[in-house]
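Structural characterization, general
Okay, here's what each chain looks like letter by letter:
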Amino acid sequence: MAERERRRTPPYGGVFAARTRVMQPEEIKRAVWRMAHEIIERNHGLDGLAVVGLQTGGVWLAEDIAEALDEIEGAMPPVGTLDVAFHRDDIGLRPLLPEAPTRIPFSLDGQAVVIVDDVLYTGRTIRAALDALNSYGRPRSVQLAVMVDRGHRELPIRPDFVGKNLPTRRDEMVDARRDGVDIGEIVK
Amino acid sequence: MRHLLSVDDLGAEGIEEVCRLADHFTEVSQRPIPKVPALRGKTVAMMFCEDSTRTRLSFEMAARRLSADVMGFSVSSSSVNKGESIRDTVDTLSAMGPDAIVVRHRSAGVPQQTAAWTDASVINAGDGWHEHPTQALLDCYTIRQRLGTAAGRRILIVGDVKHSRVARSCVTAFTALGAKVTLAAPPTLLPPAVETWPVDVSFSLDAVLGDCDVVYGLRMQSERQAEALVPSLREYTAQWGLTAARADHLPPGALVMHPGPVNRGVEIASEVLDGPNATLVEQVRHGVAVRMAVLYLLLGADSGQIPPGETP
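Throughout what follows, the structure given in this document is the object of discussion. (Residues numbered from 1 in each chain as written. Chains lettered and ligands numbered in written order. Predicted model: local features only at pLDDT ≥ 70, side-chain atom pairs only at ≥ 80, totals over all residues. Heavy atoms only, no water.)

On to the packing of helix H2 (residues 25-43) of chain A against helix H3 (residues 59-73) of chain A, then. Residues and elements named next belong to chain A. H3 packs onto H2 with a crossing angle of 65° between their chain directions and a minimal axis gap of 9 Å. For the pair H2 and H3, the sense of crossing is right-handed. Each of Ile28, Val32, Trp33, Met35, Ala36, His37, Ile39 and Ile40 in H2 lies in contact with H3, whose residues at this interface are Trp60, Leu61, Asp64, Ile65, Ala68, Leu69, Glu71, Ile72 and Glu73. Class assignment of the residues belonging to the contact of H2 with H3 gives a composition of 13 nonpolar, one polar and three charged. (Axes fitted to C-alpha atoms, helices over the stretch in contact; angles between N-to-C directions. Helix = DSSP H or I, 4+ residues; strand = E, 2+ residues; numbered from the N terminus. Left-handed = near helix turned anticlockwise from the far one by under 90°. Contact = heavy atoms within 4.5 Å. Nonpolar A, V, L, I, M, F, W, Y, C, P; charged D, E, K, R; others polar.)

Right, here's the structure in full:
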């Protein structure tokens, strides 16, 4: 699970304990493959398409989706990483430090940008990401791909490409990695 | 951390944290729109009671790139000239409710005193001969960018150490990071208790020049000649200047640093300043990113505890 998620969830300073496995590695692979096809279908190919993974949890998924796109279409889209810490709306409410570098070595002007994250929850990270993308140019469209949509949105944001819809309670945590998706809790 | 008054407030870990954050702000500065909303709604007041161009501009630019509002104040246009005391100036500034006050003053200790008088975070932007912590931080960041790490590096600080707040902050910062610092200066320009500093001292620049990774030149102020601390600037340059001939004796790749403003041809020869190993322009550029990091640490990242029971 993303480090920022763990640090922000009570009991603070605890560790994630997995309770239920909800996706096996091969299911994740199939979901990535399907999402890649959906991205190509929606955008009529890969022309002017860029993939941006959110640090840190979305980066592996962005890489996997880009590789799948490459395998299907025979062309690798540009892949970037984005850390949204400086654009969050809770700066000053809690300790917030960026975790990993932002690297977008290509222009986003006129591109179709697919933002990729591991888990979609309140939508606040995505709002920050939309704000951050503005600093890099004006994409012709922005789409959202997530491995898990766990509900509980606090903002009018919805994903375009979803690996799995997963109903959860607010006190549960979802850990989505390449080697499996688990539901669990933070325990001390 | 609420204030940045001295490099000691940070320690090695704090310096590393500032450098890590500065990496992120360097990236921000390279974006087509180099501005983030991180400190929206915060106000940074500049209390500059001594002439300064680069430090002040650097802090202002850092604050603006973080979307903070900047309240300017400088001695020439302020009531300090009308005889207002520092206490009253600080009270007046504080009454306007800034979140941070950046203080530059010709007397040592003014930032410490200011911190006791205000609720705002106080950042020392240079006080007398005492400290200039953000300069030391941007120098550490520059060394880190160029040489990977400051640990184990041999850093030679040349010139007027006695009257230099930069030298004091740099010695503290460099040694905290594990660098080995040597001071090279005439005895008249060394501070009285230099033997208590964690440094080596040399009275000959030529003797130590071949054995360093960084040469850090300090500004030679012409008033020192009037005080008879050096016979003349020309003699100073002959003995202590980094001339082109001396630069040839530096190990290959050794950095030439200077906090600015530089007297071309006095501390460092013009051709050395324009050479590939001189980092003066980089130091200024890194200054903005490092000051963004300091402002963000004081006003953003560290300012709040997690409220109990809040959802992520």
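All names here are of chain A. For Asp149, the position within the fold is in strand S5 (residues 141-149). Within the structure, Asp149 has its side chain in polar contact with the side chain of Arg153 (distance 2.9 Å). Not counting the four nearest positions on each side in its chain, Asp149 is found in contact with Leu120, Pro159, Val162, Lys164, Asn165 and Leu166. (Polar contact = N/O pair within 3.5 Å; in protein donor to acceptor, adjacent residues only side chain to side chain.)

Taken as a whole, this structure holds four aromatic pairs over all chains when the rule is applied. A centroid spacing of 4.3 Å and a plane angle of 20° characterise the contact between Phe86 of chain A and Phe25 of chain B, whose relative ring orientation is stacked. Taken together, the residues Phe86 of chain A in the loop between strand S3 (79-82) and strand S4 (112-120) and Phe25 of chain B in helix H1 (residues 11-29) connect one chain to another. Residue classification places Phe86 of chain A among the buried residues on the basis of a relative accessible area of 3%. (Phe/Tyr/Trp six-rings, centres within 6.5 Å; stacked < 30°, edge-to-face > 60°. Buried < 20%, exposed > 50% of the residue type's maximum accessible area, 1.4 Å probe, protein only.)

All right, on to the sheet that holds strand S6 (residues 180-184) of chain B then. Pairing between sheet strands relies on hydrogen bonds along the backbone, with the strands arranged either parallel or antiparallel. Residue and element names in this part refer to chain B. One open sheet accounts for five strands, arranged S7-S6-S5-S8-S9; its pairing is parallel. The outermost strands of the open sheet, each flanked by one partner alone, are strand S7 (200-202) and strand S9 (255-257). On average, each strand axis in the sheet is tilted by 20° relative to the strand beside it, whichever way the strands run. In the sheet, strand S8 (residues 214-217) pairs with S9 via three bridges, with the strands oriented parallel. By the bridge assignment, Val214 is partnered in S9 with Leu255. (Pairing = 2+ DSSP bridges.)

All names here are of chain A. In terms of burial, strand S7 (residues 173-177) is largely enclosed, as four of its five residues are buried. Sheet topology places S7 next to strand S8 (residues 180-187); five bridges connect them, and they run antiparallel. If you follow Val174 over to S8, its bridge partner there is Ile183. Between S7 and S8, which pair antiparallel one after the other, the connecting turn spans two residues.

With that settled, consider the environment of Leu108 of chain A. Residue and element names in this part refer to chain A. Position of Leu108 relative to the elements: it lies in the loop between S3 and S4. The exposure class of Leu108 is buried, given its relative accessible area of 0%. Separated by 32 residues in the primary sequence, Leu108 and Arg140 place their C-alpha atoms 8.4 Å from one another. Beyond its immediate sequence surroundings of up to four residues, Leu108 is in contact with Val113, Leu133, Tyr136, Arg138 and Pro139.

Take the layout of surface pockets next. Residues and elements named next belong to chain B. Approximately 640 Å³ is the volume attributed to the largest pocket. Around the largest pocket, the lining is made up of 25 residues, and of these Glu50, Arg104, Arg165, Arg219 and Gln221 lie nearest the centre. For the lining of the largest pocket, the secondary-structure elements that each account for two or more residues are helix H2 (54-65), helix H6 (165-176) and helix H8 (223-226). Split by residue class, the lining of the largest pocket holds five nonpolar, ten polar and ten charged. If you count residues domain by domain, the lining of the largest pocket takes at least three from each of domain 1 (7-132 + 284-301) and domain 2 (133-279). Taken as a whole, the second largest pocket spans an internal volume of roughly 290 Å³. Around the second largest pocket, the lining is made up of 21 residues, and of these Arg54, Leu280, Val281, Gln283 and Val284 lie nearest the centre. Contributing elements (two or more residues each) for the lining of the second largest pocket: H2, helix H5 (133-147) and helix H12 (280-301). Among the elements that line the lining of the second largest pocket, the one with the most residues is H12, at seven residues. The residue makeup of the lining of the second largest pocket, split by class, is eight nonpolar, eight polar and five charged. (1 Å grid on protein atoms, 1.4 Å probe; cavity = no way out; pocket = protein on both sides within 12 Å on 5 of 7 lines; lining within 4 Å. Points joined across faces, edges and corners; volume = space filled by probe spheres on them. Domains from an automatic or database assignment.)

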